[in-house]
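Now for the letters of each chain:
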Amino acid sequence: MKRPVTLIGLCLLLANTANAATYCVGPPGGGTTHGSIQAALNAAETNPGTDTIFVIRRDGIQAQGIVIENQDVILSGAHVNCNPDEPLFEPTVLNAGGGSMTSALIVRNTASSRLMHVEISGFDIVGGDAIHGSGGGLRVDGHVDLALSDLKISRSEAYYGAGIAFHGAAEASMRLGDRVEISNNLATGSGGGLAIFGGSVFVDGMQTSIHGNTSVHDGGGIFLNGAGSANLAQLVLRRGRMLDASVGSVHEVVESNIAELGDGGGIAAAAWSDVQGYSVDEYFPIWISLNSASQGGGIAVLGETARVRLWNPVIRGNHANAGGGAILAIDGGQFEMLDRNDPDRPADALQCSGDGYLDYFCVIANNIARSASGNDVPGAAVMLSHSAAVATPTRVVLAGARLLDNRGSSVFSDTCLSIECDTSSKLIVRNSLIAYHPETPVLARLIYGSALEFLSSTITGTGASPDTRSVLQTNGSIAIRRSILWEPGRDLIGGLVPASVIADEVLVADAGDLALQAHILVADPVFLAAGGGDFHLAASSPAVDAATAHSGLQWDADGYPRQVDLPDRPNGLGVADLGAFERQSSDSIFANGFE
């Protein structure tokens, strides 16, 4: 185990500028100053500055309700002896079992609004049992700036946040750095791994993962519920993934968590919450995978003050028993998967490019909506709902996304979770590819009036042909612009009567339902290799240089420029291409932007 150590001295060596002290916890002798962590913390509390406490590695230290309060401190485990220059050993195990029904470790600032700075590393915390409260392994309260690294929290229980519960003030923050694992914890309420009730939590570490946790209610992995508009619960996912050498497998940043009776197997964002996620490291990307719930197997956005924005995620292999295999948004919740065209996109977010390893980004794939009895249900990828009692419309935006092989009775669906449902929910798909759903016969089944909009997208391979069921079944409005809707042998719109249909600049196999719309092109789109999963346009495609420009779309689904005018192709209505991908060159070698 390696961790950088920059502090020097053995025990009680005072820092030059802050009068801080260094303590060492362990058996008597060898320079130790205290026999317990709490005794060292109590002594450190009287000193100004940031004190450091080294803990010599020992098996099974019984540690219940250790409190770090109103003090700046560095708590460092895994030491061989009191010499900080010696190599670090295996983590110090803190066993919080024993039935005291409290958190293993508590960090709180009750004295002032000044941020209290704490660093914790080198521990394996097990057995926390705050079963009637929050934070089985770790609870954080107040104005605290906390950094975690080389830390594992597992086999702990609580009602909220069985692994960690963060009750931060608005300015408070917690950073999950390198080698942080929150796994196999159980919340009898919500937040199996982590619960955030205020302040900001940053997941930004290599070899870091929240996996294998369970909640009875919402948020098997992570649950957010803020304190109000002045103190949102905020989560930022930037880097994750860990190799589990014991089983020879990889755990993604939010993986294999379960919300048994609730929503959001991976992440549940409830009132006054804000989630942002974007990969900055191609080797430690933001994957939300293999989670399960009643609805919203991957992510659930639960209410009008909840918002989730992801710029280049992979949402894969999640499962929901009642719909929304990947994503659930209800009662005014806002979910957005955004691309390079978004003006607020973080500068260090990696592109959704199709180049090499990056081909794994910006994907919603292999998610399942299937009941416990094995019957497919609607909403393999997305389910949304809106109640008339909520003023803000529910909204899901998928931009620059690749939706592939999600399995259920439909890819998209809406539902009604109240006595009276409103029709103002909206699903917007732009600059995206929806392809290869051979086991899902219907693309969208929106029976509660949700509006559906496709812009500059490529849609193909829904179900099997022939099939008497229509690809789009909705009684809400439908708008399709600058898109390819290539479903040969299928009826495009039917089953329900849409409130309205607008189609403009659309390539289809059969005009049929769109015959009276403007600028409908009936032709083969000529994909480069549809059988091999490549839905970029060949040089001979009639969709090339066929569409008008859209001022809000400067980049295609790969992050390459739009409005590329090929000199050897006549222009149709404009120089832009129909569908998700803009052909960059007449030469097939450079067609996808490779140079």
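Scroll up to find the structure this text is about.
Residues numbered from 1 in each chain as written. Predicted model: local features only at pLDDT ≥ 70, side-chain atom pairs only at ≥ 80, totals over all residues. Heavy atoms only, no water.

A. View of the pattern of salt bridges. Following the criterion strictly, the structure yields 20 salt bridges and no others. Glu453 serves as the salt-bridge partner of Lys426, at 3.8 Å between the closest nitrogen and oxygen. With a gap of 27 residues between them, Lys426 in strand E42 (residues 426–430) and Glu453 in strand E45 (residues 451–455) connect regions that are remote in the sequence. Overlapping salt bridges bring together Arg175, Asp204, Arg238, Arg239, Asp281 and Asp348 as one network. (Salt bridge = Lys/Arg side-chain N within 4 Å of Asp/Glu carboxyl O. Helix = DSSP H or I, 4+ residues; strand = E, 2+ residues; numbered from the N terminus.)

B. Expanded view of the state of the cysteines. Applying the stated criterion across every chain, the model contains one disulfide. Note on cysteine connectivity: Cys24 is disulfide-linked to Cys82, with sulfurs 2.1 Å apart. Given an S-S torsion of about -85°, the disulfide between Cys24 and Cys82 has left-handed geometry. Taken together, the residues span a long stretch of sequence, with Cys24 in strand E1 (residues 22–25) and Cys82 in the loop between strand E5 (73–79) and strand E6 (92–95) at a distance of 58 residues. A relative accessible area of 3% places Cys82 in the buried class. (Disulfide = S-S within 2.5 Å. Buried < 20%, exposed > 50% of the residue type's maximum accessible area, 1.4 Å probe, protein only.)

C. Inspection of unusual backbone geometry at higher detail. Note that the residue after Ser465, namely Pro466, is joined by a cis bond; omega there is 0°. Mapped onto the secondary structure, Pro466 falls in the loop between strand E46 (458–462) and strand E47 (472–474). The phi torsion at Arg482 lies on the positive side, around 50°, for a residue other than glycine. Topologically, Arg482 is positioned in strand E48 (residues 477–486). Arg482 sits in the buried class, given a relative accessible area of 14%. Phi at His519 is positive, roughly 55°, even though this residue is not glycine. Within the secondary structure layout, His519 lies in strand E50 (residues 518–522).

D. Main features of the nonpolar core. Formed by 104 residues in total, the largest nonpolar core has its most connected members in Ile120, Phe335, Leu398 and Phe412. Counting residues in each nonpolar core, the second largest holds 19 residues, with Leu433, Leu507, Ala543 and Val564 among its members. (Core = buried A, V, L, I, M, F, W, Y, C linked by side-chain atoms within 4.5 Å.)

E. Region of the structure containing empty space enclosed by the protein. Tallying each qualifying case throughout the model produces two cavities of 30 Å³ or more. If you add up the space inside the largest cavity, you get close to 60 Å³. What lines the largest cavity is a set of 13 residues, and nearest its centre among them are Asp339, Arg340, Arg345, Gln351 and Cys352. Considering only enclosed or pocket space, the second largest cavity measures out at about 50 Å³ in volume. Taken together, Ser456, Arg482, Thr548, Ala549, His550, Leu553, Arg562, Gln563, Ala576 and Asp577 make up the lining of the second largest cavity. Within the lining of the second largest cavity, the residues separate by chemical class into three nonpolar, four polar and three charged. (1 Å grid on protein atoms, 1.4 Å probe; cavity = no way out; pocket = protein on both sides within 12 Å on 5 of 7 lines; lining within 4 Å. Points joined across faces, edges and corners; volume = space filled by probe spheres on them. Nonpolar A, V, L, I, M, F, W, Y, C, P; charged D, E, K, R; others polar.)

F. Structural view of the packing of aromatic side chains. Tallied over the entire structure, the rule returns six aromatic pairs. Both rings, one in Tyr159 and one in Tyr160, keep their centres 4.9 Å apart while their planes meet at 90°; by these two values the pair is edge-to-face. Judged by relative accessible area, Tyr159 falls into the partly exposed class, the value being 31%. Centroid distance Tyr160 to Phe223: 6.3 Å. Interplanar angle 10°. Geometry classified as stacked. Of this pair, Tyr160 sits in strand E12 (residues 157–160) while Phe223 sits in strand E20 (residues 222–224), and the two are 63 residues apart along the sequence. Each residue in the set Tyr159, Tyr160, Phe197 and Phe223 is aromatic and connected to the rest through ring pairs, giving one cluster. Between Arg241 and the ring centre of Trp287, over which it is positioned, the NZ or CZ distance is 5.3 Å. The ring of Trp555 carries the charged tip of Arg340 above its face, separated from the ring centre by 3.6 Å. (Phe/Tyr/Trp six-rings, centres within 6.5 Å; stacked < 30°, edge-to-face > 60°. Lys NZ or Arg CZ within 6 Å of the ring centre and 35° of its normal.)

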